[in-house]
Amino acid sequence: MKETLFTRLGRLAVRHQWAIVAVWLVAVAASAPFAPRIAGALKPGGFGSNDMESVRAGELLQQQLHAQFTSVDVFFTSQRFTANDPQFMQEANAAVAPLAKWKAVPQIIPYTLNPRQIANDGHAAYTVVFLNATADDAPKYLPGLRERLVPQPDLKTLVGGGPVFYADIQSVSEADLRRAELVAFPFALLALVLVFRSLVAAGLPAAVGGCSVIVSLALVYALALHTDISVFALNITTLFGLGLGVDYSLFMVNRFREELARGRSVPDAVAVTMNTAGRAMIVSGTAVSIGLLGLLLFNFSVLRSIGLGGVLVVLISILAAGSLLPALLSIIGTHINDLPIRLPWSKKDETRRTRNGMKDAKRLRINLRDLRVSSSSEGFWHALSLRVMRYPWRFLVPVLAFLLLLGAPFLSVRLGAPDASILPKSVPSRAAFDLLQTRFDANETNPIILAVQSTNGSILSPQNLAYLNDLQQRLAQDPRVRRVDSILSLDPRLNLAQYQIIYSQTPIADAFLRTAVQQLAAGNTTLVNIISNYGMIDPRSEALVQDIRASHFPGLRVEVTGGTAGVVDYVNTMYSQFPWAILAVAITTYVVLMLLFQSVVLPLKALAMNTLSILSAYGALVFIFQQGHLSNLLNFTPLGFVEASAPILMFCALFGLSMDYEVFLLSRVREEYQATGDNVHSVALGMERSGGIITSAAAIVVIVSGGFITADMILVKSLGVGMALAVLMDASLVRGLLVPATMRLLGRWNWWWPFGKKDASLHEEDAPQDMAEQKQALLT
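Residues numbered from 1 in each chain as written. Predicted model: local features only at pLDDT ≥ 70, side-chain atom pairs only at ≥ 80, totals over all residues. Heavy atoms only, no water.

## Topic: the overall build of the protein
Point 1. Scanning the protein from N- to C-terminus turns up 28 helices and 11 strands.
Point 2. If you take every contact in the protein between residues at least 6 apart in sequence, the share linking residues at least 24 apart comes to 80%.
Point 3. Between the mean site of the 63 positive side-chain charges and the mean site of the 56 negative ones, the protein shows a separation of 8 Å. (Helix = DSSP H or I, 4+ residues; strand = E, 2+ residues; numbered from the N terminus. Contact = heavy atoms within 4.5 Å. Lys, Arg positive; Asp, Glu negative; His and termini not counted. Charge placed at Lys NZ, Arg CZ, Asp CG, Glu CD.)

## Description of the confidence of the model for the protein
Point 1. Averaged over every residue, the pLDDT of the protein is 85; residues scoring 70 or more account for 92%.
Point 2. For residues 348-377, every residue scores under 50 in pLDDT, and the model assigns this stretch 54 contacts once sequence neighbours within four places are set aside.
Point 3. Every residue in residues 758-780 is under pLDDT 50, and counting partners more than four places away or in other chains gives 37 contacts. (pLDDT = per-residue confidence, 0-100.)

## Description of the sheet that holds strand β4 (residues 156-160)
Point 1. The strand order β2-β3-β1-β4 describes an open sheet built from four strands, whose pairing is antiparallel. Strands at the two margins of the open sheet, each flanked by one partner only, are β2 (108-109) and β4.
Point 2. In the sheet, strand β1 (residues 71-77) pairs with β4 via five bridges, with the strands oriented antiparallel. By the bridge assignment, Asp73 is partnered in β4 with Gly160.
Point 3. Across the sheet, helix α5 (residues 86-96) is in contact with β1, β2 and β3 (124-130); its angle to β1 comes to roughly 145°. (Pairing = 2+ DSSP bridges. Axes fitted to C-alpha atoms, helices over the stretch in contact; angles between N-to-C directions.)

## Looking at the pattern of salt bridges
Point 1. Applying the stated rule across the entire model yields 29 salt bridges.
Point 2. Between Asp176 and Arg179 there is a salt bridge whose closest N-O contact spans 3.0 Å. Of this pair, Asp176 and Arg179 both sit in helix α7 (residues 162-196), three residues apart, roughly one helical turn.
Point 3. Between Arg430 and Asp434 there is a salt bridge, with the nearest N and O atoms lying 3.1 Å from each other. A residue pair is termed a helical-turn pair when its members lie 3 or 4 positions apart in one helix, as Arg430 and Asp434 do in helix α16 (residues 428-439) at four residues.
Point 4. The exposure class of Arg430 is buried, given its relative accessible area of 5%.
Point 5. Several salt bridges share partner residues, and in doing so they unite Arg255, Glu258, Glu259, Arg262, Arg264, Arg668 and Glu671 into one network. (Salt bridge = Lys/Arg side-chain N within 4 Å of Asp/Glu carboxyl O. Buried < 20%, exposed > 50% of the residue type's maximum accessible area, 1.4 Å probe, protein only.)

## Side note on unusual backbone geometry
Point 1. The omega torsion across Thr506 and Pro507 is -5°, close enough to zero to call that bond cis.
Point 2. Along the chain, the position of Pro507 falls in the loop between α19 (496-503) and α20 (511-520).
Point 3. With a phi angle near 65°, Leu630 is a residue other than glycine that sits in the positive phi range.
Point 4. Along the chain, the position of Leu630 falls in the loop between α23 (601-626) and α24 (631-634).

## Examining the nonpolar core
Point 1. Judged by nonpolar contacts, the single largest core of 182 residues is most densely connected at Phe232 and Phe240.
Point 2. Ranked by residues supplied to this core, first place goes to helix α25 (residues 645-676) with 18 residues.
Point 3. Sequence-distant contacts of Phe232, that is, excluding residues within four places in its chain, are made with Phe47, Ile169, Val302, Ile306, Met713, Leu715 and Val716.
Point 4. In this structure, Val452, Leu460, Val545 and Ile548 belong to the second largest nonpolar core, which totals 29 residues. (Core = buried A, V, L, I, M, F, W, Y, C linked by side-chain atoms within 4.5 Å.)

## Focus on empty space enclosed by the protein
Point 1. A full pass over the atoms with the stated rule returns seven cavities of 30 Å³ or more.
Point 2. Computed from the structure, the largest cavity encloses a volume of approximately 120 Å³.
Point 3. Taken together, 13 residues line the largest cavity, and the ones lying closest to its centre are Phe251, Arg255, Ala277, Phe664 and Arg668.
Point 4. Mapped by element, the contributors of at least two residues to the lining of the largest cavity are α9 (232-261), α10 (266-293), α25 and α26 (679-707).
Point 5. A total of four residues in the lining of the largest cavity trace back to one element, the largest contributor, which is α25. (1 Å grid on protein atoms, 1.4 Å probe; cavity = no way out; pocket = protein on both sides within 12 Å on 5 of 7 lines; lining within 4 Å. Points joined across faces, edges and corners; volume = space filled by probe spheres on them.)

## Quick word on a nonpolar patch on the surface
Point 1. A cluster of nonpolar residues, Trp580, Leu583, Ile587, Val591 and Leu595, forms a patch on the protein surface that exposes about 530 Å² of accessible area.
Point 2. With respect to the secondary-structure elements, Leu595 resides in helix α22 (residues 563-597).
Point 3. When its relative accessible area of 56% is taken as the criterion, Leu595 is described as exposed. (Patch = residues over 30% accessible without salt bridge, like charges linked within 9 Å, V, L, I, M, F, W, Y side chains within 5 Å. Areas by Shrake-Rupley, 256 points an atom, 1.4 Å probe, with all protein chains shown as cover.)

Below is the structure:
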């Protein structure tokens, strides 16, 4: 056996087996106390970017006007009293009275000062409480706020708003993770038992996967203490840690058993396993890491932190499978098949042969050597691959059409930003969101906000007030606009000339106008609110934001912020960066695979196969979560849009995960091709030796992903559904049918490598072409 870096690593693990196990035991023991603390160190926000105009405009208003945008809404409801009833007003004011003395609250706006904070039916109202905190830090003030609220006998109180939404994201994510683990881990362990039919063999991947998750969570916790890590990284870390940790170990344990069955000693079996499955595992892990590193190209901390956490857990999974597992294999040795599980269907007829596979082999004119190998290694995957390669176009066209059909709904995708509708109805922020949507005029609470600056002098100068009036009049004439609020609309009885006179006074004589101007204008800056006739994420409101940005207003600079502008910027900024991430991931992956397989064509085919798998998941996102199909079965309320980060997260995660199976399959095919130089034989035998284990590995990833389908948070649920479907399609239709069909059609071009010496081994075109010659050779 030729010595390589990987065989030396295997022998090193054999020599130092107990030392390696001891190091991992210490690592797991040290990580165990910190892994459960990870949720408290993660941040729920991270959906903004300084590249977004809405973020810059909000920061400008905060700096110039000291405007407060971080607030919670305290809702009061009563079946007995209306909001205008003195008893309702007295109790509502008494409930929030202690907050006025709290230094974390700079301002309170009771509903009595703004009639628009009263519900349409009059039996509910809300008071706005501003907080001296950023959006990400505000959730930590909620316990103190709730403690200070005074319960009232006739009013029900509910706290909602952005900070509550962020806090609920954190708590729901933790609950979703616990539920997913309870569902996924037992079923994954059961799948391993069914695959290996031995408790010892099944226990190894589960143990290595568990160690990977514990150490990974502790490292992500340490990382979160020094930089902002999104709470969504928790779910991704667990999914990849459990899925990949088990997957990699599954491939290696399977190869180790194969080598023992061939009569190799335990040290040699470990060395060969590392040189084959171990090598493929490292390349596969590199491909998965490349996909996740694509998330670092985005200027959104939620995506960057998920990328960092994901790469970290992949590296730990590779380290565990490449060090701990070989050490355990060398210790267990030939006892790997101990504690067997006898299943009713496990007994096989050793004399059974697949006659159809033999016939297909002959019709494909495979030489004598292939027939002999075929007769000793036939099975379902061997027969299937030969059948597909006999009629490649009959399989390629319908399967390709089916996968494209699955992805077709994505053509009507509508992207949006997350709000409280992604949470279950039981949490406070969702309850407040639904109350606001159903009983209040929601448009009034989500204005389009303009940060307006004069280009010359104070905004209160007569000339600049005239410019501001022109802006207000132009916007008010737009049929999409219900109302424009500014310093020129505070008193409807006044006209422009009167405002110019009043605002030229120092100080302004009218107390109400003076207080309002102090809040709405300073220096050359003022704030303008636009109330749309349509919802915050309605396409017509989004188009209004775009039209305002495209307009020119003489004498003024205008930037747009607010909820609708935030959604527009979130989607546009994210998807202006997405093509660069796709390009970087694709090119890097291509180069890695090209060097691994020493082929120019195979990596291109692998990229195409991955794209088809991901496309099916994209179609499911729209069909299920945007259009609402299967919503009752999956227990969620349809959003009417796809959360914009979901396709990006799915691409970066699935691109590497799908490549995982491509690498393991083609590595086995390449082993055979290097030995025989025969393309068809190599594909058939590679499929037979890896098809079953790839299906088993994919089944475990589907089970782990399926655990997240039970999540209450729609974003996590959609990732679970999409990843489970994509992996299912990838391991069945793509690897089982499309790969052998395309490998057959490409023939020797699969292995075209113009950068070195040609392989001197026998090639497919050198095989005997005469069927009678083959029969005669077989008889001889």
